[in-house]
Amino acid sequence: MTKGRIRARIRRSHLYTFGCLRPQTTEEGGPHPLQLHGPGYSRTVYCNQPLIHEKKSLFYCNNNISTTKYNVLTFLPKALFEQFRRVANIYFLLAACLSASPISPFSPLSMIAPLAFVVGLSMAKEALEDSRRFLQDVKVNNRKVSVHKSNGEFVPRSWQRVMVGDVVKVEKDQFFPADLLLLSSSYEDGICYVETMNLDGETNLKVKRSLEATLSLDNDGAFWDFSGTIHCEDPNPNLYSFVGNFEYERQVYPLDPSQILLRDSKLRNTDYIYGVVIFTGHDSKVMQNSTKSPSKRSTIEKKMDHIIYTLFTVLILISFISSIGFVVKTKFQVPKWWYLQPDNIEYQYDPKKIMLAGMSHLITALILYGYLIPISLYVSIEIVKVLQASFINQDIQMYDEETGTPADARTSNLNEELGQVDTILSDKTGTLTCNQMDFLKCSIAGTSYGVRSSEVELAAAKQMASDMEEQDTESDLSNFPMIKGRVPRQNVRRAEEIELETVVTSKGDEDKRPAIKGFGFEDSRLMNGNWLKDPKADIMLLFFRILSVCHTAIPEVNEETGICTYEAESPDEGAFLVAAREFGFEFFRRTQSTVVVREKFSASGGVVEREYKILNLLDFTSKRKRMSVIVRDEEGNIILFCKGADSIIFDRLSENGKMYLEATTRHLNEYGENGLRTLALAYKRLNEQEYTEWNNEFHKARTAVGTDREALLEEVSDLMERELILIGATAVEDKLQKGVPQCIDKLAQAGLKIWVLTGDKMETAINIGFACSLLRQGMKQICITLDSDAVTNDRLEVVKGNILNQITNAAQMINMEKDPHAAFALIIDGKTLTYALEDDMKHQFLGLAVDCASVICCRVSPKQKALVTRLVKEGTGKTTLAIGDGANDVGMIQEADIGVGISGVEGMQAVMASDFSIAQFRFLERLLVIHGHWCYKRIAQMICYFFYKNIAFGLTIFYFEAFAGFSGQSVYDDWYMILFNVVLTSLPVISLGVFEQDVPSEVCLQFPALYQQGPKNLFFDWYRILGWMGNGLYSSLIIFFLVIIIFYDQAFRINGQTADMAAVGTTMFTCIICAVNCQIALTMSHFTWIQHLFVWGSIATWYLFLLLYGVLPPKYSKTAYQILIEVLAPAPIYWTATLLVTVACILPYLAHISFQRCFNPMDHHIIQEIKYYKKDIEDRHMWTRESSKARQETKIGFTARVEAKIRQLKGRLQKKQSALGVPSPTYT
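What you see is a predicted model, and the numbers here were worked out from it, not measured in a lab.

Colleague: Please provide a residue-by-residue account of the UniProt feature "transmembrane region" (unreviewed entry) in the protein, values included.
Modeller: UniProt's feature table lists "transmembrane region" (unreviewed entry) at residues 307–328, 354–379, 946–969, 1025–1048, 1060–1081, 1093–1112 and 1132–1151, given in the numbering used throughout. Span residues 1025–1048 is 96% helix and 0% strand, its end C-alpha atoms 34 Å apart. Taken end to end, residues 1093–1112 comprises 95% helix and 0% strand; its first and last C-alpha atoms sit 27 Å apart.

Colleague: How would you explain the nonpolar core if you had to name every residue and give the values?
Modeller: Within soluble globular proteins, side chains that are nonpolar generally end up buried alongside one another. One finds Tyr972, Tyr976 and Trp1102 to be the most contacted residues of the largest nonpolar core, which totals 109 residues. Element by element, the count of residues in this core is highest for helix H27 (residues 923–963), at 17 residues. Looking at which domains feed residues into this core, each of domain 2 (70–136 + 293–373) and domain 3 (374–385 + 928–1161) gives three or more. Core analysis: the second largest hydrophobic core is formed by 59 residues, Val421, Leu775, Ile856 and Val999 among them.

Colleague: So what's going on with the sheet that holds strand E15 (residues 408–409)? Which residues, and what values?
Modeller: Across the sheet, nine strands lie side by side as E15-E34-E33-E32-E16-E28-E31-E30-E29; this open sheet has mixed pairing. Both outer strands of the open sheet, E15 and strand E29 (780–784), are each paired with one neighbouring strand and no more. Two strands pair when backbone bridges link them, and strand E32 (residues 879–884) and strand E33 (residues 898–902) are joined in this way by four bridges, in the parallel orientation. Its bridge partner lying in E33, Ile883 is registered against Val900. Across the face of the sheet, helix H23 (residues 842–851) comes into contact with strand E28 (753–757), E29, strand E30 (824–829) and strand E31 (854–858) while running at roughly 140 degrees to E30.

Colleague: Please set out the pairing of strand E3 (residues 144–150) residue by residue, giving values where relevant.
Modeller: Two strands pair when backbone bridges link them, and E3 and strand E4 (residues 153–158) are joined in this way by six bridges, in the antiparallel orientation. The residue bridging Ser150 from the neighbouring strand is Glu153, located in E4. Looking at chain direction, E3 and strand E5 (residues 167–171) are connected through two bridges and run antiparallel. From the neighbouring strand, Ser146 faces E5, where its bridge partner is Lys169.

Colleague: How would you explain the packing of helix H8 (residues 376–393) against H27 if you had to name every residue and give the values?
Modeller: Orientation of H8 relative to H27, taken along the N-to-C sense of each, is 160 degrees, at an axis distance of 11 Å. Judged by the inter-axis angle, H8 sits roughly antiparallel to H27. Crossing of H8 over H27 shows right-handed handedness. Of H27, the residues touching H8 (which contributes Ser376, Leu377, Ser380, Ile381, Val384, Lys385, Gln388, Phe391 and Ile392) are Leu927, His931, Cys935, Arg938, Ile939, Met942, Ile943, Phe946 and Phe947. Partitioning the contact of H8 with H27 into residue classes produces 12 nonpolar, four polar and two charged.

Colleague: Lay out the sheet that holds strand E10 (residues 244–248) with the relevant residues and their values.
Modeller: Strand order in the open sheet formed by four strands is E2-E9-E10-E11, and the pairing between neighbours is antiparallel. Only two strands of the sheet have a single neighbouring strand rather than two, namely strand E2 (43–47) and strand E11 (251–255). On average, adjacent strands in this sheet sit at an angle of 20 degrees to one another, irrespective of strand direction. By the bridge criterion, five bridges tie E10 to E11 in an arrangement that is antiparallel. In the strand pairing of E11, Phe246 is matched with Tyr253.

Colleague: Describe helix H33 (residues 1089–1111), listing the residues and the values that go with them.
Modeller: Taking 1.5 Å per residue, 23 residues should reach 33 Å; H33 reaches 31 Å between its end C-alpha atoms and fits that length. Bending of H33 peaks at approximately 35 degrees at the position of Gly1097. Among the residues of H33, Ile1090, Gln1091, Val1095, Ser1098, Ile1099, Trp1102, Tyr1103, Phe1105, Leu1106, Tyr1109 and Gly1110 are the ones counted as buried. On the buried face of H33, the contacting elements are helix H28 (974–984), helix H29 (986–995), helix H32 (1061–1083), helix H34 (1114–1117), helix H35 (1123–1128) and helix H36 (1132–1159).

Colleague: Describe the packing of aromatic side chains, listing the residues and the values that go with them.
Modeller: Taken as a whole and judged by the stated rule, the model has 50 aromatic pairs. Ring geometry for Phe439 and Phe576: centres 6.4 Å apart, planes at 80 degrees, overall edge-to-face. You can see Phe439 sitting in strand E17 (residues 433–444) and its partner Phe576 sitting in helix H13 (residues 571–583), a full 137 residues away along the chain. The two residues Phe439 and Phe576 agree in class, both being buried. Pairing Phe1040 with Phe1041 gives two aromatic rings, centres 5.0 Å apart and planes at 85 degrees, and the pair type is edge-to-face. A relative accessible area of 0% means that Phe1040 is categorised as buried. Site record: aromatic cluster; members linked through ring pairs are Phe439, Phe519, Phe521, Trp531, Phe543, Phe544, Phe576, Phe583 and Phe585. One residue, Arg43, lies across the ring of Tyr60, its end atom 3.9 Å from the ring centre. Directly above the aromatic system of Tyr272 lies the positively charged group of Lys169, at a separation of 5.0 Å from the ring centroid.

Colleague: Please set out unusual backbone geometry residue by residue, giving values where relevant.
Modeller: One non-glycine residue with positive phi stands out, namely Asn48, at about 65 degrees. In this structure, Asp173 is a non-glycine residue whose phi angle is positive, near 70 degrees. With respect to the helices and strands, the residue Asp173 is situated in the loop between E5 and strand E6 (179–185). A relative accessible area of 42% places Asp173 in the partly exposed class.

Colleague: Tell me what's going on with a nonpolar patch on the surface, and back it up with residues and numbers.
Modeller: Taken together, the side chains of Phe963, Leu1033, Leu1037, Phe1041 and Ile1045 present a nonpolar region at the surface, about 460 Å² in accessible area. Here Phe963 is to be found in helix H27.

Colleague: Could you give me a rundown of the confidence of the model for the protein, with the residues and numbers involved?
Modeller: Mean pLDDT over the protein stands at 81; residues scoring 70 or higher make up 84%. With pLDDT under 50 throughout, residues 1–32 is counted as low confidence; its partners more than four residues away or in other chains account for 98 contacts. Scored below 50 in pLDDT, residues 473–512 makes 71 contacts in the model with residues more than four places away or belonging to other chains.

Colleague: Which residues make up the pattern of salt bridges, and what are the values?
Modeller: Where side chains of opposite charge bring their charged atoms close, a pairing between them can arise. Within this structure, the stated rule accounts for 40 salt bridges. Between Glu714 and Arg626 there is a salt bridge whose closest N-O contact spans 3.4 Å. With Glu714 in helix H17 (residues 709–720) and Arg626 in strand E24 (residues 626–632), this pair connects stretches of sequence that are 88 residues apart. Here the salt bridges do not stand alone but share partners, grouping Arg626, Arg652, Glu714, Asp718, Glu721 and Arg722 into one network.

Colleague: Can you break down H28 residue by residue, with the values?
Modeller: Where H28 is concerned, the buried positions are Tyr976, Met977, Leu979, Phe980, Asn981 and Leu984. Between the side-chain oxygen at the start of H28 and the backbone nitrogen of Trp975 there is a gap of 2.8 Å, and the oxygen is on Asp973.

Thresholds, definitions, all that
Residues numbered from 1 in each chain as written. Predicted model: local features only at pLDDT ≥ 70, side-chain atom pairs only at ≥ 80, totals over all residues. Heavy atoms only, no water. UniProt positions renumbered as here; feature names shortened; annotations may be inferred. Helix = DSSP H or I, 4+ residues; strand = E, 2+ residues; numbered from the N terminus. Core = buried A, V, L, I, M, F, W, Y, C linked by side-chain atoms within 4.5 Å. Buried < 20%, exposed > 50% of the residue type's maximum accessible area, 1.4 Å probe, protein only. Domains from an automatic or database assignment. Pairing = 2+ DSSP bridges. Contact = heavy atoms within 4.5 Å. Axes fitted to C-alpha atoms, helices over the stretch in contact; angles between N-to-C directions. Parallel < 35°, antiparallel > 145°, perpendicular 65-115°, else oblique. Left-handed = near helix turned anticlockwise from the far one by under 90°. Nonpolar A, V, L, I, M, F, W, Y, C, P; charged D, E, K, R; others polar. Expected span 1.5 Å × (residues − 1). Bend = angle between axes of the 7 residues up to and from the residue. Phe/Tyr/Trp six-rings, centres within 6.5 Å; stacked < 30°, edge-to-face > 60°. Lys NZ or Arg CZ within 6 Å of the ring centre and 35° of its normal. Patch = residues over 30% accessible without salt bridge, like charges linked within 9 Å, V, L, I, M, F, W, Y side chains within 5 Å. Areas by Shrake-Rupley, 256 points an atom, 1.4 Å probe, with all protein chains shown as cover. Salt bridge = Lys/Arg side-chain N within 4 Å of Asp/Glu carboxyl O. pLDDT = per-residue confidence, 0-100. Polar contact = N/O pair within 3.5 Å; in protein donor to acceptor, adjacent residues only side chain to side chain.

See the structure below:
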């Protein structure tokens, strides 16, 4: 008893028809165990004798788990492998090794230090990220549980020391440390309640039961001499099956999943349980469903390797050209150069050893031209990504005030990948939904009740109102049909107002009534007993009684307030009971065989407690799609109450039970269109003889032994659930997390595909699909399922052939569809998915799924989530993002290109395995559409620019090499070359990667189609990459040859001297610094003072360095002594050449972007121009119209659904206008 709540101890097993029955025994032979033999069924567990399993023949893994990518022994080799998967790092490793030789043009330190810094920084980052997973593992492994030591004594022990065969005692609200066989519980019949949120994402409690033979083991002392043997299946990832036998006291009992408690499930509403450990550690089912932490690399980084290959090929090519030129010079010209003393020359210049000289020069050239492959690129990218990640973390718009949780970029390696996502694979419970239902509307006896609007209705009304405003001011509307002709505007407006009045409800009344969780109903006709005045009050009475009696919930009474809350197996059921309570029919007590309801508005006028005796309960299954309860009321009448899917209930109605069928069907369609989940309610009165005869048959089926027992029960139940009388229907709204429909709508408009992978049953998943607008009315549903009987009885080839036939037929149906606006949704369950994911069928399944607008996979295990994610990732070759909040989502999160964890109520397992974490699903919109878009363009432009500037710089060294007889002489001072990437061009490119914005954040959301620039890879395709490389080649040619032409054979100083190599090299380097920094200024779309400081400051820094370097003594400055003050600054040709070369270098790019913006502008160019001329402020209507066009055509999401609703409203509007005598408008 906690928190003022009390609970009756009930033998829940008596309530269930199908799911919670104990194995029956026959009179002759006792239990019927399964015959376990052969591969896959070799595990033997000796209960209460854990040390036996330490023997070599039975050695089982320990209970220690690890989810880290590295350990102490593997970190160094694996981390080094990760770093040297980068092609550039391999090249620089070889260059660093060769730099120790005498033929290197640079010192060893200048080559080794940058490489060590880059690799060491990246390895430290990997270690930091993996240490977080390690700390989480330590925390889990050190949890405590009570373990039987000996002589009935239980002692606390850490999870990692639990062994197979141990008897453990788990207490309320604790997690199970391993996979256990339930022996007994605090309930006298061995029932316990389990929350499997971490396994399948469901928040509803599951009922587990022990064998009757072990019920007596209900205290510590009972385990003094306990022993038994379990023979069962080997470790496997299937969460929903278990096969085994339990030998105890010379009897053998068959085991099934209802006796198994899985690791990471939680014990709820049960004081304690005893269990024996079957699977530990990585043998447990939850760990079997886990996948290894993968090494993820972004698409851009992978493509960078191909660019490096290209540049490396160029490097080798020009090195060979240089070496060939050197060999020719050495062979034929060096012997003639007497001043080089050819008879006393080093071996690398010896004409007599020409091959050795050529190879030596090749190595020298490979090192000298290494500036073509920038090692600083990786350092710059790491810095930029860390800063980008910090901006994501500090985004106040992604901060959840309720929990105080900000966004967290847990790894910065994948920032740009956020801008290239094609498919999102999402968990449902806790990710999309709150798993909370609100009772909103109902239909009773052909009359609809409930005036409050659903989210879909309100959005449709809002859009309709916006549509009407546009019709008033604009005659051309592309998205919606326009009213034309000579129709009096006031008449049309009045007709529209009539329609909208039925949709929009008053917020004033809503605010007056305190919110009741699970109850959003508003209608005075039913509240406060007003229904008693209705002529059909007797039917309404039956409706309320079905709500309050037909369920399996258990009430919990708060002793302080006296208010009942309910522990229901589904949130729908909980909402029905709350609604019944608010209507005056409060279910408040359940005994073993009765349900007691307080009826507030009875004939006597007071509160009356009515007791209903439960005779039979036919519970809900995904196959039956209905549940029924047979009760005897206080007057002795036997009544069957039934609720279920309308398609099932309507087929079972009697002829006189269809009185309200037409009206109810119409209401159900309206509720469905408004995004509500619906159930139909019916009843049937029974006479004593009819019930007795049926109950005898039902008892026979219930006590039958064999595989056909469930089929017999279904057959007998079906006989009873016939000739029903329809009463009405209910409509509940599945409360999505805040902003989920809007987020999905925006992502759909951005062109993203969304798949839902959930452990929920199919009906729930479909309803959620409707609630978040992944499904809508008019969308054709393709349900690929298998009959459970077929799986049991048919051969594997037949089963697979059946699935393949369904897939093929569905694909043909899509291909034959003529309507371009037709939308298809694929829905598949986990059992069918098992076969669909096999190698011979998975590509057909993927092809069908890709052709559908939305895909929902239900009843899937964590392993299947990961396999589906892998199939989409590898099969489409496009970027996938997985998002979830529970441990059951870890495999999917790790398998996807990007994993996003939601730090919700299900623990931190998903967050620990994720690349990014957010507090709510709605923040995904901002993470992708804004930060993803920005990061992709920033990184893409940054890398392209990096290669441009290094090609422009590196090729000038090659050109000079040709002019210097291929001698290996560089035209630049060593310090110039060192500072080029480190100081003089590093900060502008970092500012480009951190601060660049093509459009502001609010514009990204208003124009979601901009996001498609990432998935289409418009800024990092080969056309753009080669364009930038070509620009670098052009700049290198201009810089080198224009400077040489200007300075060649001309007087440079006042006294007529010509320029030496130092003056030419410094002038050339000045031109490079000015050209590449002006180029990046042209590339930027968004300037802050930081960009101005870095770009123009880099040019100023060059002159400052030249000044200070020239002041140093000649011992240090060498040929650069006083080069600026005495040599370059006084010479006008130096300044003229710098200006001329810089302008010539940037002129082609300036012409290109000017032509593109004028004649072939991209989307962001148009938006930038509109913003620059402030047209978004001066002409708001134009801005709204343009933003409405800037979205990808989609068949899912709130907008698509609202437009369908608007078309329906306008159809009704035409009819009303006709009724009002207004001529029908013409639509275009």
